[in-house]
Amino acid sequence: ADVVAFCPESGLHHVLACGCYELDNTQQPARRHGRLALAFVDRAGRQLVETSAVEGIGVLDCSWLQTSRLLLSAATAACDTRIYQVHKGADGTATLAEEACATMPCADAGDACMALDWSADASRVAVTSTAGRVYLGELGQSSGGCSGLCGSASWRAHELEGWAVAFDPRDSNTLYTGADDAQLKRWDLRAAADGGEPVATATNRRSHGAGVCCVSPSRLREHCVATGSYDETARLWDVRQLRAPVSELGLGGGVWRLKWHPERADLLLAACMHAGFAVLSSGGAEAAAGGEGLSLVARYEAHGLGGALGYGADWAHGGALAAATCSFYDRALHAWTLEEV
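This is a predicted model, so every value here is computed, not measured. Numbers given to residues run from 1 along each chain, matching the order in which its sequence is written. Totals for whole chains, interfaces and linings use every residue, but because this is a predicted model, local features are given only for residues with pLDDT of at least 70 and side-chain atom pairs only at 80 or more, for both listing and counting. Processing note: side-chain calculations cover all non-hydrogen atoms of the structure and skip hydrogens and water entirely.

Moving on, we come to the pattern of salt bridges. Throughout this description, the term salt bridge denotes a Lys or Arg side-chain nitrogen within 4 Å of a carboxyl oxygen of Asp or Glu. The full count for this structure, using the stated rule, is 14 salt bridges. The closest approach of N and O atoms between R240 and D238, which form a salt bridge, is 2.8 Å. Throughout this description, buried means an accessible area under 20% of the type-specific maximum (1.4 Å probe, protein chains only), exposed means over 50%, and partly exposed covers the range between. Given a relative accessible area of 57%, R240 falls into the exposed group. What emerges from the salt-bridge pattern is a single network uniting R35, E50 and E55.

Encoded structure:
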């Protein structure tokens, strides 16, 4: 299991998506197979109950999309981005449509599309790939929910594998990327609207000791971005000054994913590869960018240790301190609360 994402839609906060893949070395070249599944957290029985899945394609990242219909998007090992309609049941469950309602091929993407993110107005998607290229797409709208996903620009953002991409939540023309070249970049996308190539307005080459695995802007704290790296460190940044982070915290494992709590501005959830999972504090909710510095609140070590890799993590919406985590190799998916750890 590679990625987990709780649904943000009211009434469906207990529903989550999980993307999986595995490498099949029996074929040449090797292929990534996988699935994209929906499940819900049965609080009474303390169980995760799967409701539907799309089988066959490896999924490296996924993200919910709220338009006139509820949609789920995925970055895949087939070097494309796919959008699926989600059908809501009267019993509070959700199921995936069997076929994607829109697909955006990503040419020259290498082995896979690795990460995706949507602009705050849900009109634009950015996708990164193992070839270091970034792709922009525009979502068409119809009464059915989506009428197409059209590529609008692509460029070589990094020389090595692109692991991370994220829009600035307050400016859809600002994009952040991170890659295996240990670089964090900020891009101005306005040139892409005129057919040109986006411009890198800031690049940090020195702070990360290894590849930048994730870039996570805070939606609740202006100018605040968190990054995770293979160098086993989470960093907090004031994006007005990218020369150096404002805070760093070693976590004992490569920080593959960082997720801000949707309602608590101070809390971060980290997937730490071979070191399991961690909850971090970044200072008080009223703090400015950078806050009081990163500190460890708790660890969740029920899976993602030993030979497994903690890759996926997300907070539930609706104010609860509930989370879900997933890990690679042991194929584990857990739902838990901060009070339990």
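Now for the packing of aromatic side chains. Two rings from Phe, Tyr or Trp (for Trp, the six-membered ring) form a pair when their centres are within 6.5 Å of each other. A pair whose planes differ by under 30 degrees is stacked, one over 60 is edge-to-face, and the rest are tilted. According to the stated counting rule, one finds 9 aromatic pairs in the structure shown. Residues Y311 and F328 carry aromatic rings whose centres are separated by 5.7 Å and whose planes lie at 45° to one another, so their mutual orientation is tilted. Here Y311, found in strand 26 (residues 309–315), pairs with F328, found in strand 27 (residues 322–328); they are 17 residues apart in sequence, far enough to count as distant. We note that Y311, like F328, is buried. Working definition: helices are DSSP H or I runs of at least four residues, strands are E runs of at least two. Numbering for both runs from the N terminus.

Time to look at the side chain of D61. Looking at the secondary structure, you find D61 in strand 5 (residues 59–66). When its relative accessible area of 7% is taken as the criterion, D61 is described as buried. Polar contact is the term for a pair of N or O atoms within 3.5 Å; when the atoms are in protein, one must be able to donate a hydrogen and the other to accept it, and sequence-neighboring residues count only if both atoms are side-chain atoms. A distance of 3.0 Å separates a polar atom in the side chain of D61 from the backbone nitrogen of L116. In what follows, residue pairs with any heavy atoms lying within 4.5 Å of each other are defined as contacts. If we ignore the near neighbours within four places in the chain, the residues touching D61 are V3, S73, A74, A75, M114, A115, L116 and R257.

Here the focus is the layout of surface pockets. Put simply, the largest pocket is a space of about 1,100 Å³. Whether a set of points on the 1 Å grid over the protein atoms alone is a cavity depends on a 1.4 Å probe fitting there but being unable to get out, while an open set qualifies as a pocket with protein on both sides within 12 Å along at least five of seven lines; lining residues are those with an atom within 4 Å of a point. Considering the residues around the largest pocket, the lining is formed by 47 residues, among which S63, D117, R219, K259 and D314 are closest to the centre. The set of elements that each furnish at least two residues to the lining of the largest pocket consists of strand 1 (3–6), strand 5, strand 10 (113–118), strand 14 (162–168), strand 18 (212–217), strand 22 (257–260) and strand 26. Broken down by element, the residue count for the lining of the largest pocket peaks at 7 residues, all from strand 5. Gly counts as polar in this scheme, as do all residues outside two lists: the nonpolar Ala, Val, Leu, Ile, Met, Phe, Trp, Tyr, Cys and Pro, and the charged Asp, Glu, Lys and Arg. In the lining of the largest pocket, the residues fall into 32 nonpolar, 7 polar and 8 charged. Grid points are joined across faces, edges and corners, and a volume is the space filled by probe spheres set on the points. By volume, the second largest pocket is sized at about 420 Å³. Broken down by secondary-structure element, the contributors of at least two residues to the lining of the second largest pocket are strand 2 (15–24), strand 3 (31–42) and strand 4 (47–55). Here the residues of the lining of the second largest pocket sort into 14 nonpolar, 2 polar and 4 charged.

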